[in-house]
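Structural description and commentary
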Amino acid sequence: MKLEYDKIKTLGDLKKAGYQSRGIKDELRNNLKQRIKEGKDTFSGVWGYEDSVIPELERAILSRHNINLLGLRGQAKTRLARLMVNLLDEYIPVVEGSEINDDPLRPISRYSKKLIEEKGDDTPVTWLHREERFYEKLATPDVTVADLIGDVDPIKAANLKLSYADDRVIHFGMIPRANRCIFVINELPDLQARIQVSLFNILQEGDIQIRGFKLRLPLDIQFVFTANPEDYTNRGSIVTPLKDRIGSQILTHYPKEIETARKITTQEAKLDEEQESMVYVPELAKVLLEQISFEARNSEYVDAKSGVSARTSITAFENLLSTAERRALAQGASKTSVRLSDFMGIIPSITGKIELVYEGEQEGADAVALMLIEDAIKTLFPNYFPAILKLEQKNTEGPYDDLILWFFDREGLELPDGQTDEQYRDLLNGIPPLQALIRKHQPKVKEEDSYFLKEFLLWGLVAHKKLSKQRYSKGFQLKDLYGGFISKL
């Protein structure tokens, strides 16, 4: 039914238009049914959940359930809740002046009931847009019952000359004010147990209790909670009776494939248009960036219970481009390409996002970040070049012998951070065995991607202990393994 919202300004107009009230859970359910029938995406922009989380979430909405999204940080839990707004009607009618978004046809507050009793069909009606029907509260230990449910307002009592025994002195909290809306409580385990208890009756019967008042307000709210798995946090847990009142608990997860992770990073990274046009990012660099997060989630030095957020790759990608951009700006260049050595610029993004176990703390956050980059290179290396086995037969020729011998005959190769792109290319082009390996194993690589691939090959040999690498103040020095050992003595 199409309503002309601008022409419906009173309760009488609403009745004439044939408007029919429905609860928010029915509203979400009916609109979702229509989207499914039409084959439309319900949660667009959320990648990797198409066959897991989203079907479960849709089933929960169809079942009219309150929902708990359970998962580690950076798994798009809040984003999913926000996207549920798109399943709401574009506008709903509200009694003008109502603190709790009263439905004109089904008022529940004393204010709206009295107003309708006095004015009847002339009761003024306003329209609430779906974007204004989303409330969100981060659960912290200092949240009180007054914040969520409400409290007695002494100023209101004084102004209206009312006794504290009169329920009109109540100041409603966030939950009653979110009537007919989606209400999200993030990090539910952080909410004190006594505050969680205050939600029992609201979820089950619609009662709210404030300072001894027992108000029968059948609030119409779609609750969505987010939480880290109970066993993964030392800060708190969801009390069992509250869990029992939440209809569906849905487990979220990190991306399972690199390609999915890349989509998320590309979508979420906040990049400047000028920066994007200035810095070229080779395909392998994008894959390597995502592989670092995958390595972190499996690393013995990183606390798996804490998780490695998708924001790690997003902020790392932003830092990677900024590292290359800064170099180009310092050189007065208008264009540049990401180098593997630019990955040193993403270390602050890694160290700021991961929680280390005791062994990781002993190693140091920067050292662990470098290990993760090296592990990512080792994992991807066989996808581009012949694998280097841990146990190799002696006196047998290997595909990298000529390149290793090239380094053995020289004092080493320096890769300064501040090289111009031309100097960088000339340096890598000046290693004949490196050129030969690229031509043999990656003959179809694009010219602009080939230099990153050459540096990747060198770093891969370092990761497999075939060459040595040392960091100095303004760059890296690569040597043969024996020469690197001598220089440390």
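Residues numbered from 1 in each chain as written. Predicted model: local features only at pLDDT ≥ 70, side-chain atom pairs only at ≥ 80, totals over all residues. Heavy atoms only, no water.

1. A look at the pattern of salt bridges
On inspection of all chains with the given rule, the structure shows 14 salt bridges. One salt bridge connects R180 with D103, and the closest N-O pair in it is separated by 3.9 Å. Taken together, the residues R180 in the loop between α8 (174-177) and β7 (182-186) and D103 in the loop between β2 (91-95) and α5 (110-119) connect sequence positions 77 residues apart. Residue R180 shares its accessibility class with D103, and that shared class is buried. (Salt bridge = Lys/Arg side-chain N within 4 Å of Asp/Glu carboxyl O. Helix = DSSP H or I, 4+ residues; strand = E, 2+ residues; numbered from the N terminus. Buried < 20%, exposed > 50% of the residue type's maximum accessible area, 1.4 Å probe, protein only.)

2. Re helix α14 (residues 283-298)
Residues lying three or four places apart along an α-helix face the same way, a consequence of the helix completing one turn every 3.6 residues. Relative to the 22 Å expected for 16 residues at 1.5 Å per residue, α14 spans 23 Å between its end C-alpha atoms, a close match to the ideal helical length. A large share of α14 lies buried, amounting to 13 of its 16 residues. (Expected span 1.5 Å × (residues − 1).)

3. Let's talk about the packing of aromatic side chains
This model, assessed by the stated rule, comprises twelve aromatic pairs. When the ring of W406 is compared with that of F407, the centres are 5.1 Å apart and the planes differ by 80°; the resulting orientation is edge-to-face. Per residue, the accessibility class of W406 equals that of F407, and both read buried. The ring of Y424 is capped by R339, whose NZ or CZ atom sits 4.4 Å from the centre of that ring. (Phe/Tyr/Trp six-rings, centres within 6.5 Å; stacked < 30°, edge-to-face > 60°. Lys NZ or Arg CZ within 6 Å of the ring centre and 35° of its normal.)

4. Thoughts on the pairing of strand β15 (residues 467-472)
Across six bridges, the pairing between β15 and strand β16 (residues 475-480) is antiparallel. Of the residues in β16, the one forming a bridge with S468 is K479. In this antiparallel pair of consecutive strands, β15 and β16, the connection spans two residues. (Pairing = 2+ DSSP bridges.)

5. Some thoughts on the sheet that holds β15
Here three strands make up an open sheet; going across it, the order is β14-β16-β15 and the pairing antiparallel. With one partner strand each, in any of the chains shown, β14 (413-416) and β15 form the two edges of the open sheet. With strand direction ignored, the average angle separating the axes of adjacent strands in the sheet is 20°. Most of the contacts of helix α22 (residues 447-463) go to β15, to which it runs at about 105°, and overall it touches β14, β15 and β16. (Axes fitted to C-alpha atoms, helices over the stretch in contact; angles between N-to-C directions. Contact = heavy atoms within 4.5 Å.)

6. Side note on the confidence of the model for the protein chain
Mean pLDDT over the protein chain stands at 89; residues scoring 70 or higher make up 93%. Per-element confidence in the protein chain is highest for helix α3 (residues 53-62), whose mean pLDDT is 97, and lowest for helix α23 (residues 481-488), whose mean pLDDT is 55. pLDDT under 50 marks residues 484-489. Its contacts with residues more than four places away, or in other chains, come to five contacts. (pLDDT = per-residue confidence, 0-100.)

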